[in-house]
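One letter stands for each residue in the lines below.
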Amino acid sequence: MKSSKIVLIAIFILSGLTLPLLGKQAFKKYVTAATFMCGLTKVLDVYGEKKKWWRFYKGIPPLDSFDIFNLGPYFITSLWMLKLTYGKLRIFLISNTLLHIVFIFGGLKYMKRFKILSLVKLTKVQYLVIDFIRAVILYAFQYNKEKLKTSSH
């Protein structure tokens, strides 16, 4: 098995192993926002690939490397970030930004080495801006979901 497939499987499984630690209540509370963001991220990533902002390599059929990453660590990280920081916008934004800085300026070189993801026409700073906007959208989605729930009661 190619090393990229081993890394993808490991990333997917390791992130999934944290899911039971999240708790049923937190999962129920944040799963809609995390699912929405995964869908939005999929649309953005397809658009970004067409614009050659980045490249996702083959994953494990029928999923490409992006789908595995999106359905695994991105989905679960979204759940955890909301659980740990929702209600504290400043902490949420700082935590998300730091996490994205570590991934973009540290992890991307490994993603490229293992042929999972590489930036093409997009700079790391531009990618960080996109990730920051996605974080704001995630928080805003959860905020509006809760606001609608509160106003309906």
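A brief report on the enclosed structure follows.

Examining the environment of Pro-62
- Looking at where Pro-62 falls in the secondary structure, it is placed in the loop between β1 (54-56) and α4 (65-85).
- Using a relative accessible area of 82% as the deciding quantity, one classes Pro-62 as exposed.
- Spatially, the C-alpha atom of Pro-62 lies 30 Å from that of Lys-29, the residues being 33 residues apart in sequence.

Here's the deal with the layout of surface pockets
- In this structure, the largest pocket encloses a volume near 520 Å³.
- Residue lining of the largest pocket: 27 residues in total, with Phe-69, Tyr-74, Thr-77, His-100 and Phe-103 positioned closest to the centre.
- Listed by contribution, the elements that provide at least two residues to the lining of the largest pocket are α3 (24-50), β1, α4, α5 (89-113) and α6 (124-151).
- Of the residues assigned to the lining of the largest pocket, the class counts are 18 nonpolar, six polar and three charged.

Points about the packing of α3 against α6
- Look at α3 against α6: their axes get within 10 Å of each other, and the N-to-C directions meet at 140°. For the element pair α3 and α6, the recorded crossing hand is right-handed. Judged by residue contacts, Lys-28, Lys-29, Tyr-30, Thr-32, Ala-33, Ala-34, Phe-36, Met-37, Leu-40, Thr-41 and Leu-44 of α3 engage Ile-130, Arg-134, Ile-137, Leu-138, Phe-141, Gln-142, Lys-145 and Glu-146 from α6.

Concerning the packing of α4 against α6
- Between α4 and α6, whose axes approach to 11 Å, the crossing angle comes to 60°. One finds that α4 runs oblique with respect to α6. Here α4 and α6 pass one another in a crossing that is right-handed. Taken together, the residues of α6 that come into contact with α4 (itself represented by Tyr-74, Ser-78, Leu-82 and Thr-85) are Arg-134, Leu-138, Tyr-139 and Gln-142.
- When grouped by side-chain class, the residues that make up the contact of α4 with α6 number four nonpolar, three polar and one charged.

Regarding the pattern of salt bridges
- Taken as a whole and assessed by the stated rule, the structure comprises three salt bridges.
- A salt bridge links Lys-29 to Glu-146, with the shortest nitrogen-to-oxygen separation between them at 3.7 Å. Of this pair, Lys-29 sits in helix α3 while Glu-146 sits in helix α6, and the two are 117 residues apart along the sequence.
- Assessed through its relative accessible area of 36%, Lys-29 is described here as partly exposed.

Cut-offs used in this document
- Residues numbered from 1 in each chain as written.
- Predicted model: local features only at pLDDT ≥ 70, side-chain atom pairs only at ≥ 80, totals over all residues.
- Heavy atoms only, no water.
- Helix = DSSP H or I, 4+ residues; strand = E, 2+ residues; numbered from the N terminus.
- Buried < 20%, exposed > 50% of the residue type's maximum accessible area, 1.4 Å probe, protein only.
- 1 Å grid on protein atoms, 1.4 Å probe; cavity = no way out; pocket = protein on both sides within 12 Å on 5 of 7 lines; lining within 4 Å.
- Points joined across faces, edges and corners; volume = space filled by probe spheres on them.
- Nonpolar A, V, L, I, M, F, W, Y, C, P; charged D, E, K, R; others polar.
- Axes fitted to C-alpha atoms, helices over the stretch in contact; angles between N-to-C directions.
- Left-handed = near helix turned anticlockwise from the far one by under 90°.
- Contact = heavy atoms within 4.5 Å.
- Parallel < 35°, antiparallel > 145°, perpendicular 65-115°, else oblique.
- Salt bridge = Lys/Arg side-chain N within 4 Å of Asp/Glu carboxyl O.

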